[in-house]
Amino acid sequence: MSIQTSRLSRRTILRGLGVSLALPWMESTAPKAVAASSASPNRMAFIFVPNGVHLPDWTPQLEGYGYDLPFTLSPLAPVQDDVLVISGLTHDKGRANGDGPGDHARSASVFLTGAQPRKEGGLRSGISVDQVAAQAAGHATRFPSIELGIEPGRSAGNCDSGYSCAYSSNIAWSSESTPVSKEINPRLVFQRLFGDGTPAQHDQNAIRREALRQSILDFVAEDAKRLQSKLGRNDQRKLDEYLDGVRDVEKRMERTDDDFDVSEDVDYPIPAGTPKDYGEHIRLMCDMMVLAFQTDRTRIATFMFADAGSNRSYRHIGVGEGHHNLSHHGGDSEKHDKLRRINQFHVAQLSYLLQKLKSTPDGQQGSLLDHTSVCYGSAISDGDRHNNENLPILLAGGRQIDSGRHIRVAPETPMCNLFLSMLDRFGTPIDFVGDSTGRLSELQL
């Protein structure tokens, strides 16, 4: 095993038994020229939630700085100054526009593409904003992008009024006919991020590691020990904290080995290798995203908390009915209360991710959250009306936006205008994406 460094890379890599464990940027190991000039890269993530939200408990009453946190957004209190609440954005191509019913399938397909999906003539959507960035800048990292999810979905058959199931199950599209499938098993995400060699070698080495029942860290211990002697005190602490974090994730994944049975919180079997607890599943995937950004494995991620139209129940927060069924509330106050609890639960998982990013140093220039733009929301506003205007959208992190505010944009402002502005700040500006009509000027500092 050997420590590998390169003047072309800002990362140090530990290797052992088919594992390549990239480490955070550390001043002690970087060549002087790199240490003096290296800047933390920009990153972005997109998180999708289904079935809209209960807007009265989502929308702040105040605009501008010091906005109030309604019930649904209350978990964001620790990171409120890092979050921009955006009211008024629209996804026109989430509307039928002559294609009939199927609002949920359209809501996932349009979320990052701003393109009209079609029922007939095969798959047709558009390139999603994450893949626009990945095609322009993905060469800088091992993985151009990662796609995460919780529910398996289907790639064939019809799932919503004649729309292909591929529309409901994916938000990332590399071309108008090619969805980029998501990974729902955190163990497989972890192995993909840190595995080494060819796929066949990766599988063989994974089997050997599993037979030995050892941590990935055990196989890079020799490299890690040798590296410690070369580090300054601050970098030694940083390395210890990072490796402790990797070990913690491994332990949590090990605890899922006995939880491969069917969860009573969902109405379908959970694939083997995923936690039975829905919240833990989401948080493990959030940890995968943070590790991927921290080690510069990728700078672009998408995450579906659930598939479009998901009818998952939430018994762990006292909601036994399915989410989709409840979203057709018909004005019923009891259903409203259950919906807002589901919405708040989802926002709490977002808050977990943002706090994790904020507490993770990023080189010499702040935290991961300082250099990551996280867009969260749904392409349906109210689940009962299935409307696509005044969408519930949050934009968090990134020093290039004036966060800590609630802003209201003009009616019918395309959601894709936000994406154009995000691409500018990511460093991959383009003329248009989806149905954009210009930049979102309200983001300016």
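Residues numbered from 1 in each chain as written. Predicted model: local features only at pLDDT ≥ 70, side-chain atom pairs only at ≥ 80, totals over all residues. Heavy atoms only, no water.

**Comments concerning the state of the cysteines**
Part 1: Overall, the coordinates contain one disulfide when judged by the stated rule.
Part 2: Across a sulfur-sulfur distance of 1.9 Å, Cys-159 and Cys-165 are joined as a disulfide pair. As the torsion about the S-S bond is roughly 95°, the Cys-159-Cys-165 disulfide counts as right-handed.
Part 3: Residue classification places Cys-159 among the partly exposed positions, given a relative accessible area of 39%. (Disulfide = S-S within 2.5 Å. Buried < 20%, exposed > 50% of the residue type's maximum accessible area, 1.4 Å probe, protein only.)

**Details of the side chain of Arg-405**
Part 1: Tracing the chain through its elements places Arg-405 in strand E16 (residues 405-414).
Part 2: Take Arg-405: its relative accessible area is 12%, and that puts it in the buried class.
Part 3: Separated by 2.6 Å, the side chain of Arg-405 and the backbone oxygen of Asp-402 make a polar contact.
Part 4: Not counting the four nearest positions on each side in its chain, Arg-405 is found in contact with Gly-64, Tyr-65, Tyr-67, Val-83, Leu-84, Val-85, Glu-442, Leu-443 and Gln-444. (Helix = DSSP H or I, 4+ residues; strand = E, 2+ residues; numbered from the N terminus. Polar contact = N/O pair within 3.5 Å; in protein donor to acceptor, adjacent residues only side chain to side chain. Contact = heavy atoms within 4.5 Å.)

**Focus: the sheet that holds strand E11 (residues 300-304)**
Part 1: Read across the open sheet, the eight strands follow the order E4-E16-E5-E15-E14-E3-E11-E6; overall the sheet is mixed. The open sheet terminates on both sides in strands that have one partner only, identified here as strand E4 (64-65) and strand E6 (146-149).
Part 2: Of the strand pairs in this sheet, strand E5 (residues 83-90) and strand E15 (residues 393-396) are connected by four bridges, and their pairing is antiparallel. What sits directly across from Val-83, in E15, is Ala-396. (Pairing = 2+ DSSP bridges.)

**Focus: the pattern of salt bridges**
Part 1: Evaluation of the coordinates by the stated rule reveals 24 salt bridges.
Part 2: Salt-bridge contacts for Arg-95 lead to Glu-389; the nearest nitrogen and oxygen are separated by 3.2 Å. Within this pair, whereas Arg-95 is found in the loop between E5 and helix H2 (103-111), its partner Glu-389 is found in the loop between strand E14 (372-377) and E15, the two being separated by 294 residues in sequence.
Part 3: Note on Arg-95: relative accessible area 21%, which makes it partly exposed.
Part 4: Here Asp-277 ties to Arg-283 by a salt bridge, and the two come within 3.9 Å at their closest N and O atoms.
Part 5: For Arg-283, a relative accessible area of 24% corresponds to the partly exposed category. (Salt bridge = Lys/Arg side-chain N within 4 Å of Asp/Glu carboxyl O.)

**Points about the nonpolar core**
Part 1: If you look at the biggest cluster of nonpolar residues, it comprises 51 residues, and the most contacted ones within it are Leu-76, Val-83, Phe-303, Leu-354, Val-374, Tyr-376 and Leu-394.
Part 2: Counting residues per element, this core draws most heavily on helix H10 (residues 278-294), at 10 residues.
Part 3: Filtering out sequence-adjacent residues up to four positions away, Val-374 remains in contact with Ala-45, Ile-47, Leu-350, Leu-353, Leu-354, Leu-357, Leu-394, Leu-395 and Ala-396.
Part 4: In this structure, Val-129, Leu-391, Ile-393 and Met-422 belong to the second largest nonpolar core, which totals 37 residues. (Core = buried A, V, L, I, M, F, W, Y, C linked by side-chain atoms within 4.5 Å.)

**Regarding helix H3 (residues 129-137)**
Part 1: For H3, the complete set of buried residues consists of Val-129, Asp-130, Gln-131, Val-132, Ala-133 and Ala-134.
Part 2: Taken together, the buried residues of H3 touch strand E3 (43-48), E6, strand E9 (173-175), E11 and helix H13 (415-426).

**Some words on the pairing of E11**
Part 1: Burial runs high along E11: five of the five residues are buried.
Part 2: The pairing of E3 with E11 spans five bridges and is parallel. The partner of Ala-45 across the bridge, within E11, is Ala-301.
Part 3: Pairing of E6 with E11 involves four bridges; the strand directions are parallel. For Glu-147, the partnering residue across the bridge sits in E11 and is Thr-302.

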